[in-house]
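Notes for the structure review
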Amino acid sequence: MDHPEEKKTYYITTPIYYPSDNLHIGHTYSTVAADALKRYKTLQGYEAYFVTGTDEHGQKLQQKAQEVGLEPIEYIDRIVADTKKLWESLHINYDAFVRSTDPRHEKNVQELFQKLYDKGAIYKGEYEGYYCTQCEAFWSESQLLDGNRCPDCGRETQLQKEESYFFRLSEYRDRLLQYYKDHPEFIEPKSREAEMVNSFLKDGLDDLSVTRSSFDWGVKVPFDENHVVYVWIDALSCYLTGIGYGTDEEKFNKFWPADVHLVGKEIVRFHTIIWPAILMALELPLPEKVFGHGWILFDNDKMSKSKGNVVYPEPIIELYGLDALKYFLLREFSFGNDGSFNAESFIKRLNADLANDLGNLVSRTLSMIEKYNDGVVPTPGPSTELDGELEELAKSTWQEVDRAMDHLQFSSALQAIWKLVGRSNKYVDENEPWVLAKGEDATRLNTVLYHLAESLRIISVLISPFLPDTAVKIHRQLGLEGELVYDDAKVWGLLDGQRVHKDGIIFPRMDVAKEVEIFQEKNAALIEQRKKEKEQSARPQLPPYKDEVTIDVLDQLDLRVGTVLKAEDHPNADKLYVLTVDMGSEERTILSGIKEWYEAEELVGRQVVVVTNLKPRKMRGILSEGMLLAAEDLNGALSLLSPGERLDSGATIS
Ligand code: ME8
């Protein structure tokens, strides 16, 4: 229920991302859209709240960390820091960033799990299926491709059987179908609802395995230490943690249910079947909407680091600015559908819409006001039909934007604004102010300049959720200070007598062929650099080399080949062998701490490298007359050095 004295709230989420190095523009899609939506809702007067975060548990991450010799959290911390930096550089205006490893969140997951268990919504059973480590998903035999390959990523799966807790998802089929019927705007675009119904709900649902016992990087089931909560309950409930579930009841009640979960199309199923069923079981209200957006492809292929066909946001921002990236992502693709990135269409769109249309309108409007009226917006004379037409379009464009944004149609919203940009440019051509300026009477010229300035002012307000930096630049050039106010886009006549300050070109025009080359080169260089960095970081972190020495240091060492004759346990030291070593001219007793790696019988007859002139040292009562050389790697494996071929005992080493 709306309380008139209270500000209406609007809660938006992006997916809770898997920590991943070097996010590409596809990854930024949900976040850029959520940011624009938040700005738009805020401008409309809502108290908007935006949650994003990282989904940090699971076997895949545990394995990746292991591969580089780090603890999972050390490995993830670094990636999360980079992700936050990227969002910062994109000026993403989120309110909470939930890390699923945050102890507060882990506690919530345990509480929610316990609640579901106590309500009988979760029970213990056994799971058998073909497991894909990469996708962290079990598949049935009929779902596999070419024998035993994962239908999602094509990698090999393994048949696994394990004890698991199950969520009674099968019981929710009818309630979900009914819910979709009663809430026709719950899933958008509508085609995704049909997909859910036809592919998943029509033939009934299976209960869902919600724990794993084959790895331990996850939130422990509160009453069964052998199990960790499987990643989906853990990840989805970040949406609750982000608005204070378990810590700030008032905030939680204020913002829940979410107004919209923005998600990529491949995870719509989790958000429209599993998530609502869990919320029903918890007796929590359901989100108002789940919007499944399409994928950004690269030349019609899925972007992937392994294919090397990724486009990174950094070169785009560096070469063309943040707003150019945001504009392109939101305008070029229809939000529900897949779209393909192509360097040429990207540059062409920047040229057409930002440089030729908007940039030109800003530049010519301000130049003319400066040139013909000393930089002051003139008082208009009587309006003609043409002026009225522009005024009407300008004052009503916000309605078109609202209509589009009600269905998260960013591209249509921008098209509506660009219709006004286009109409304003045409108005310049129709009125030819440079001709009017030559006449005696300035009344008509004043009316035209005034209309252009007003139209530009309204445009600057309307574009502000999508191109926030550009909006402020135009606003300032129009001499306006302070915040941009949405209601100002609904009224005409705020600029009479306003002093303007033209300030540079907001979007320069580019040579398409040349620019495509520059962009591709820069993106390719970054791909190459990141590949190298990855290879480098995959190398083991060995101790640094010691300081340089001269040859005489080596000359001082007397190294010789010895042959082990006898190996016995040291009577007073657990880790030491007492070795009798044939040095050619004599036998020596040498103590060596290699018991952890070698059995005594493996050593007898083995040739070794002995430092013969090391000062003899007594260890636990026995004198050692030398030292054996051995190599050890980072995993703690050890190997005694021996000559590659058998030599006479006493052979010298230099
Ligand atoms: O799925 N174009 O995380 P994620 C558009 N942790 N969107 C793309 C894209 C592309 N080329 N590539 C990726 C997960 N995405 C889970 C979410 S939510 C409770 C848990 C989108 O890091 C993808 O569609 O694999 C998804 O919405 C988002 O990036 C995060 O994907």
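Bear in mind that the values here come from a model prediction, so they are computed numbers and not experimental data. (Residues numbered from 1 in each chain as written. Predicted model: local features only at pLDDT ≥ 70, side-chain atom pairs only at ≥ 80, totals over all residues. Heavy atoms only, no water.)

1. Things to note about the overall build of the protein chain
Secondary structure assignment for the protein chain yields 21 helices and 26 strands. For the protein chain, whose C-alpha radius of gyration is 34 Å, the value lies well above the compact-globule estimate of 26 Å for 654 residues. Across the 654 residues in the protein chain, those meeting the buried criterion constitute 50%. Long-range contacts, defined as pairs at least 24 residues apart, comprise 74% of the intrachain contacts of the protein chain with a sequence gap of at least 6. Entry remark: accessible area of the protein chain is about 31,600 Å², with carbon and sulfur atoms responsible for 47%. Considering the protein chain, the positive charge centre built from 75 side chains and the negative charge centre built from 109 side chains are found 1 Å apart. (Helix = DSSP H or I, 4+ residues; strand = E, 2+ residues; numbered from the N terminus. Rg over C-alpha atoms; globule rule 2.2 N^0.38 Å. Buried < 20%, exposed > 50% of the residue type's maximum accessible area, 1.4 Å probe, protein only. Contact = heavy atoms within 4.5 Å. Areas by Shrake-Rupley, 256 points an atom, 1.4 Å probe, with all protein chains shown as cover. Lys, Arg positive; Asp, Glu negative; His and termini not counted. Charge placed at Lys NZ, Arg CZ, Asp CG, Glu CD.)

2. Observations concerning the pairing of strand S13 (residues 290–293)
In S13, alternate side chains face the same way, and those of Val290 and Gly292 on one face and Phe291 and His293 on the other are all buried. Relative to S13, strand S7 (residues 187–188) runs parallel, the two sharing two bridges. The residue of S13 that forms the bridge with Ile187 is Val290. This β-α-β element, strand S12 (residues 260–264) to helix H10 (residues 268–282) to S13, shows right-handed connectivity. (Pairing = 2+ DSSP bridges. Right-handed = clockwise from strand over helix to strand, strands pointing away.)

3. A closer look at the sheet that holds strand S9 (residues 211–212)
Strand pairing in a sheet relies on backbone hydrogen bonds, with the paired strands running either antiparallel or parallel. Taken in spatial order, the three strands line up as S9-S11-S10 in an open sheet, and their pairing is antiparallel. Where the open sheet ends on each side, the last strands, each with one partner, are S9 and strand S10 (220–221).

4. Regarding the side chain of Asp21
Along the chain, the position of Asp21 falls in the loop between strand S1 (9–17) and helix H1 (25–43). Look past the residues within four positions of Asp21 in its chain and what remains in contact with it is Arg78, Ile79, Lys305 and Lys534.

5. Looking at the site of the ligand
In the vicinity of the ligand lie 21 residues, with Ile16, Asp55, Gly264, Glu266 and Ile296 positioned nearest. A distance of 2.7 Å separates a nitrogen atom of the ligand from a polar side-chain atom of Asp55. The protein chains hide 92% of the 670 Å² of surface that the ligand would expose on its own. Among the secondary structure elements, those contributing two or more residues to the shell around the ligand are S1, H1, helix H7 (231–236) and S12. Class assignment for the residues of the shell around the ligand results in twelve nonpolar, seven polar and two charged. (Near = heavy atom within 4 Å. Polar contact = N/O pair within 3.5 Å; in protein donor to acceptor, adjacent residues only side chain to side chain. Nonpolar A, V, L, I, M, F, W, Y, C, P; charged D, E, K, R; others polar.)

6. Description of the packing of aromatic side chains
A ring pair, where both rings are aromatic, is described by two values, the distance of the centres and the angle of the planes. Under the definition given, this model contains 35 aromatic pairs. Ring geometry for Tyr10 versus Tyr46: centroids 5.9 Å apart, planes at 75 degrees, classification edge-to-face. Taken together, the positions of Tyr10 in strand S1 and Tyr46 in the loop between H1 and strand S2 (47–54) put the pair 36 residues apart, joining distant regions of the chain. Note on accessibility: Tyr10 and Tyr46 belong to one class, buried. For the pair Tyr245 and Phe252, a centre-to-centre distance of 5.2 Å together with 75 degrees between the ring planes defines the contact as edge-to-face. (Phe/Tyr/Trp six-rings, centres within 6.5 Å; stacked < 30°, edge-to-face > 60°.)

7. So, the packing of helix H14 (residues 385–406) against helix H17 (residues 443–463)
The interhelical angle for the contact between H14 and H17, taken along N-to-C directions, is 10 degrees, at an axis separation of 10 Å. One finds that H14 runs roughly parallel with respect to H17. Two secondary-structure elements touch here, H14 through Asp387, Leu390, Glu391, Ala394, Lys395, Thr397 and Trp398 and H17 through Arg444, Thr447, His451, Ser455, Ile458 and Leu462. In terms of residue class, the contact of H14 with H17 is made up of five nonpolar, four polar and four charged. (Axes fitted to C-alpha atoms, helices over the stretch in contact; angles between N-to-C directions. Parallel < 35°, antiparallel > 145°, perpendicular 65-115°, else oblique.)

8. Points about a nonpolar patch on the surface
Together, Ile551, Leu554 and Leu557 make up an exposed nonpolar region whose accessible area comes to about 310 Å². Tracing the backbone through its elements, the reader meets Leu554 in helix H20 (residues 551–555). What makes Leu554 exposed here is its relative accessible area of 53%. (Patch = residues over 30% accessible without salt bridge, like charges linked within 9 Å, V, L, I, M, F, W, Y side chains within 5 Å. Salt bridge = Lys/Arg side-chain N within 4 Å of Asp/Glu carboxyl O.)

9. Here we look at the sheet that holds strand S6 (residues 158–167)
What the four strands build is an open sheet, ordered S5-S4-S6-S8; its pairing is antiparallel. Sheet topology places strand S5 (137–139) and strand S8 (208–209) at the edges, where each strand pairs with a single neighbour. Note: strand S4 (residues 122–132) against S6, ten bridges, orientation antiparallel. Directly across from Tyr131, in S6, lies its bridge partner Gln158.

10. Remarks on the packing of helix H2 (residues 59–67) against helix H3 (residues 72–89)
Look at H2 against H3: their axes get within 8 Å of each other, and the N-to-C directions meet at 95 degrees. With respect to H3, the element H2 is oriented roughly perpendicular. Contacts between H2 and H3 involve Leu61, Gln62, Lys64 and Ala65 on the former and, on the latter, Pro72, Tyr75 and Ile76. Here the contact of H2 with H3 is composed, by residue class, of five nonpolar, one polar and one charged.

11. A closer look at the pattern of salt bridges
Tallying each qualifying case throughout the model produces 38 salt bridges. Put simply, Lys534 and Asp21 hold a salt bridge, and the shortest N to O gap is 3.5 Å. Residue Lys534 is found in helix H19 (residues 512–538), and its partner Asp21 is found in the loop between S1 and H1; the two are separated by 513 residues along the sequence. Through salt bridges with shared partners, a single ionic network connects Glu389, Arg423, Lys426 and Glu430.

12. Some details on the nonpolar core
By size, the foremost hydrophobic cluster in this structure holds 109 residues, and its most contacted members are Phe341, Phe410, Trp418 and Phe466. With residues near it in sequence (within four places) discarded, Phe410 still touches Ala33, Ala36, Leu37, Leu330, Phe335, Met405 and Phe466. If you look at the next biggest cluster of nonpolar residues, it comprises 58 residues, including Met196, Tyr230, Trp275 and Ala277. (Core = buried A, V, L, I, M, F, W, Y, C linked by side-chain atoms within 4.5 Å.)

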